[in-house]
Amino acid sequence: MHGGGVVLPVNGGGGPGPGDGYSSEITFTVVMSCLMAASGGLIFGYDISITGGLTQMQSFLEAFFPDIIEKMNNATQDEYCIFNSQLLTTFVSSLYLAGMLACLVAGHITKRIGRRNSMLIGASLFFVGAVLNCAAVNIAMLVVGRVLLGFAVGFTNQSAPVYLAEIAPARWRGAFTSIFHFFLNIGIFVADLVNYRANTIPVWGWRLSLGVGIIPATVILLGAAFIPDSPNSLVLRGKVDAARASLRRIRGRSADVDVELKDIMQAAEEDRRYEEGAFRRIVRREYRPHLVMAIAIPVFFELTGMIVVTLFTPLLFYTVGFTSQKAILGSIITDVVSLVSIAIAAMAVDRVGRRSLFMVGGGILLVCLVAMTWIFGAELGTNGGKAMPRPYAVAVVAVVCLFTAGFGVSWGPLKWIIPSEIYPLEVRSAGQGMSEAISLALTFVQTQSFLNMLCSFKYGTFAYNAGWVVLMTAFIFFFLPETKGVPIESLREVWARHWYWKRFVKPLTPAPEPSAPKVADGPA
């Protein structure tokens, strides 16, 4: 079947194959390193979600956006258009524009200084941006703080998922890499809890919302200094002895790391065969599937509609008739659903595979988007001038929860897993950087345009995303091979055996064993 993919054996399975001899032990070091790396997702999630509550918080709007307060108090205001403010969306979206720009240079920097050091840079920028936002006295300070947070996102989103994929045992790579998305959603959940409390505090409640981000930024900044760099990154920088020590620390002192280290060194040798940079290399014919996925995965991720649902869930619930406080409470409910669904995905991804989760999630998303199109169209109409009946408003909450669950078991975690594992070592930083830059650029476009789009297209906004879900699910079915259980430096074989991509990717030729040097006859 065209949609199929070849899965290579790991640690057995009918003869020797890639990954034989690899340790699959889960050590304390690998767990702590993964938790620390994934914590970058926690701050990213916090910064994503905190704006959703802020943008309809009385104290925040009074301080910076009094014109929106006037709209909220206007009985004749179109419900679709209450929050349609370019200045407000600029505050929200500036983070993603800065993150996109940072991703374009973060890949090169990460390759030169290592994954861990790149995460330290991101943590430092998170701290400074959070302090500036908390102390803001005007919109300019808010935007500058968000820009610094965006630079932090560019570094951590580029380095953390790759770091997780490189140090995780191949057998559990999907589960460990999904921790980043799980932590991202914990950040979203914490942000909504903070907003729920801050919304009851007059005048300075918004400062609490923005200031809490300083705490996890400090913890990550201190903790990241104590985790080892990934052996793949160390080998790529010529530090073979340090890479061997890192592997032993990650896999356990008793583990035989020579087989895995040899594969990493072979991948690094492939990198040294070319003089051109990774970004110029990834456009070569043999990297065609990697280039396509670097573009397609983030584009489709954004077009699921989840980013805008995540960012603007409180505003969405406010639009259908809930009070400000109940709108934030609705967001907390969807956060819990999201965390549960991601936990289910983490347990299933290395058992049922990536493709199966994509198919299930795609079906759920499509049903929910069609349902939201029908409810909004039937009950709010095209002019948004009538209030939505309470039973239908409750139905919107239920559909958003189901939508969140479908996203949480599919595109949510898999958006981080797939790009972090599919690229060969020589283009890994460039591929991940390109993928994140595209994702953040599209997030910027959507956050800058969603409220205007909701005001203009009304319920057609959800039908637009439904059409894209059909297309992206078909794309995954035909063109993404299954990658579960395959060691990260052996995935080239998966592409080389795929029904379509095999015309571009050829199996990696093993490097010849170095021959013993001849000893000259006679005295030295």
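For the chain, the name recorded in an unreviewed UniProt entry is Sugar transport protein 5-like, with Panicum miliaceum as its organism. Its UniProt record gives the chain a comment under Subcellular location (unreviewed entry), which states: "Membrane". Looking at the chain in UniProt, the text filed under Sequence similarities (unreviewed entry) is "Belongs to the major facilitator superfamily. Sugar transporter (TC 2.A.1.1) family."

Engineer: How do you make sense of the overall build of the chain when you look at a structure like this?
Structural biologist: When its secondary structure is counted, the chain shows 22 helices and 0 strands. By the burial criterion, 59% of the 524 residues in the chain qualify as buried. A separation of at least 24 residues holds for 79% of the contacts in the chain among residues at least 6 apart in sequence. Looking at the chain as shown, the accessible area adds up to about 19,600 Å², and 67% of this sits on carbon and sulfur atoms.

Engineer: I'm lost on the packing of aromatic side chains in this one. Help?
Structural biologist: Within a pair of aromatic rings, the relevant descriptors are the distance that separates the centres and the angle that separates the planes. Inspection of the entire model under this criterion finds 19 aromatic pairs. Pairing Phe60 with Phe91 gives two aromatic rings, centres 5.5 Å apart and planes at 40°, and the pair type is tilted. Of this pair, Phe60 sits in helix 2 (residues 58–64) while Phe91 sits in helix 4 (residues 86–113), placing them 31 residues apart in sequence. Taking relative accessible area as the criterion, Phe60 reaches 0% and is therefore assigned buried.

Engineer: Help me understand the confidence of the model for the chain, please; the structure alone is not making it clear to me.
Structural biologist: Any segment with low pLDDT has predicted coordinates that should not be analysed in fine detail. Per-residue confidence for the chain averages 80 on the pLDDT scale, and 81% of its residues sit at or above 70. Within the chain, helix 15 (residues 306–319) has the poorest average pLDDT of any element, 64, and helix 5 (residues 115–134) the best, 91. In this model residues 5–19 is a low-confidence stretch, pLDDT under 50, and it forms 35 contacts with partners more than four residues away in sequence or in other chains. Note on residues 514–524: pLDDT under 50 across the span, and 0 contacts to partners over four residues away in sequence or across chains.

Engineer: Can you help me understand the packing of helix 1 (residues 28–54) against helix 7 (residues 173–198) in this one?
Structural biologist: Two measures define how a pair of helices packs: the angle their axes make with one another and the distance between the axes. The contact between helix 1 and helix 7 brings their axes to 6 Å, and the two run at 40°. Two packed elements cross with a definite hand, and for helix 1 against helix 7 that hand is right-handed. Broken down by class, the residue content of the contact of helix 1 with helix 7 amounts to 21 nonpolar, 8 polar and 1 charged.

Rules of the game
- Residues numbered from 1 in each chain as written.
- Predicted model: local features only at pLDDT ≥ 70, side-chain atom pairs only at ≥ 80, totals over all residues.
- Heavy atoms only, no water.
- UniProt positions renumbered as here; feature names shortened; annotations may be inferred.
- Helix = DSSP H or I, 4+ residues; strand = E, 2+ residues; numbered from the N terminus.
- Buried < 20%, exposed > 50% of the residue type's maximum accessible area, 1.4 Å probe, protein only.
- Contact = heavy atoms within 4.5 Å.
- Areas by Shrake-Rupley, 256 points an atom, 1.4 Å probe, with all protein chains shown as cover.
- Phe/Tyr/Trp six-rings, centres within 6.5 Å; stacked < 30°, edge-to-face > 60°.
- pLDDT = per-residue confidence, 0-100.
- Axes fitted to C-alpha atoms, helices over the stretch in contact; angles between N-to-C directions.
- Left-handed = near helix turned anticlockwise from the far one by under 90°.
- Nonpolar A, V, L, I, M, F, W, Y, C, P; charged D, E, K, R; others polar.

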